[in-house]
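# Summary of structural features
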Amino acid sequence: MRFNLMKIPLRSFCAKPVCAIIPEDLHHYGSTSNLDKMEQNVLLRKGSNNIPVIRELIKKLDMKNDSDVAKLKGELSKLPNLTHPRIVNYGDEPKELEQFSPSDSFPTHATEFSEVAKYMNIFRMDHLGNYTGHKSYYLFGKLAELEQAIKEYTVQQLLQNNFSLISVPDILPKEVIEGCGMNTDGERTQVYKLDSGLCLSGTSEMALAGFFENQVLEEKQLPIKVAAVSRCYRAETSGLNEEKGIYRVHQFTKVEMFAICAESQSEDVLELFKDLQLENFKKLNLKIRLLDMPPSELGAPAYQKYDIEAWMPGRKVWGEISSSSNCTDYQAKRLNIRYKTDKGETKFAHTVNGTAAAIPRLLIAILESNQVDKNSIEIPNVLGEYMKNCSITKDKLIPEIKLLKHLKHDI
């Protein structure tokens, strides 16, 4: 049964979550043994070790001094989540849990996505820098239809599994993005910031989490499963050959899953997300593998994370097409999302997120995995239901755009 989202009360925006990241007593953080454990966790996850700074701040802390407390909260907020004990001995490599191939005749060789899509006149990425910037692209004809088909197919699968669909904003306050564990400042940030101070969302997970900010839910309402289709904006880029083309771009469309859970539910919900991803991708005639990710690949918010990769025969590499993460109470503490237990106790909720469909990478995997010959690509049956036919053939020529320099003539 889907949760009625209209039961979430309207509220005025709170620029800073009311949640205190540190408890009123500092016995937990002041304990040498606890600080040692935190430091071990930071080093295990290959993060920036700020525990020495925290030790010094605690030694000098005056709880009546707002500046001291603010500095300590700031440093504590930089700490990553705890790490699931199952993965602490993985080292730096993921563990492959499962591999699936649709048939014994799955292609070992194929034409790379950009090459075949350009040949069929359904894609352009060249000569766009003068008005859309680096890593921009256009999809035409059947390829644009395929993008829509992937979205519609994925949303229908989620609705059948009792997700509630939300249309979310793409422009968010930095506090919401930071509350989800994404840094918005510094040279290495992946976040686009507007002159107003607001930010472009990197994933609808952020807007979905922000929807529940400062809410106190009832345990009997949980888990709440929601989904969104949105444009995602990321400042990251890559010069790696295997990530060329639309594999890593500045803006793309994604279908996202998100859940608010009780603390006893989050591991089961993560398994549900992962199983749903596998089920949906297996219907797309893709060779895929499931990876249990090591501590160094979790990022700050995740307690544990699964990645799903597809074999891309044109590139001859495995490429990530999806991930799902259990963030336990990491995001909920920063966004003040709580629930009342059946016994009347108030606790921080757990959050789980997962990529249901990252469109560009699925386009790559589908076009490289379903080539009949140079002039024809068969579309998986589940997607053909949302298109005029189940094949892509060479389209009419679309005029090429070329850069022209403006010439000044002396008079």
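All of these numbers come straight from a predicted model, not from anything done at the bench.

### Observations regarding the side chain of Asn41
Position of Asn41 relative to the elements: it lies in helix H2 (residues 32-44). Other than its neighbours up to four places away in sequence, Asn41 contacts Pro80, Asn81, Leu82 and Thr83.

### Notes on the packing of aromatic side chains
Per the stated rule, a full pass over the model turns up five aromatic pairs. With a centroid separation of 5.6 Å and 65° between ring planes, the pair formed by Trp311 and Trp318 is classed as edge-to-face. With relative accessibility at 22%, the residue Trp318 sits in the partly exposed group. Looking at Arg334, its charged tip hangs above the ring of Tyr330, at a distance of 3.7 Å from the centre. Positioned above the aromatic ring of Tyr119 is the side chain of Lys394, whose terminal nitrogen or guanidinium carbon lies 4.2 Å from the ring centre.

### Focus: the sheet that holds strand E17 (residues 376-378)
With antiparallel pairing, three strands are arranged side by side in an open sheet as E16-E17-E18. Lying at the two open borders of the sheet, with one neighbouring strand each, are strand E16 (371-373) and strand E18 (391-393). When the angles between neighbouring strand axes are averaged without regard to direction, this sheet yields 25°. Pairing of E17 with E18, which is carried by three bridges, proceeds in the antiparallel orientation. By the bridge assignment, Ser376 is partnered in E18 with Thr393.

### With respect to helix H6 (residues 141-160)
Look at H6: 29 Å from first C-alpha to last across 20 residues, which is about the 28 Å you get at 1.5 Å a residue. All buried positions along H6 are accounted for by Lys142, Leu143, Leu146, Glu147, Ala149, Ile150, Lys151, Tyr153, Thr154, Val155, Gln157 and Leu158. Where H6 ends, the next residue or the one after it, Asn162, has phi of about 65°, a positive value.

Rules used throughout
Residues numbered from 1 in each chain as written. Predicted model: local features only at pLDDT ≥ 70, side-chain atom pairs only at ≥ 80, totals over all residues. Heavy atoms only, no water. Helix = DSSP H or I, 4+ residues; strand = E, 2+ residues; numbered from the N terminus. Contact = heavy atoms within 4.5 Å. Phe/Tyr/Trp six-rings, centres within 6.5 Å; stacked < 30°, edge-to-face > 60°. Buried < 20%, exposed > 50% of the residue type's maximum accessible area, 1.4 Å probe, protein only. Lys NZ or Arg CZ within 6 Å of the ring centre and 35° of its normal. Pairing = 2+ DSSP bridges. Axes fitted to C-alpha atoms, helices over the stretch in contact; angles between N-to-C directions. Expected span 1.5 Å × (residues − 1).

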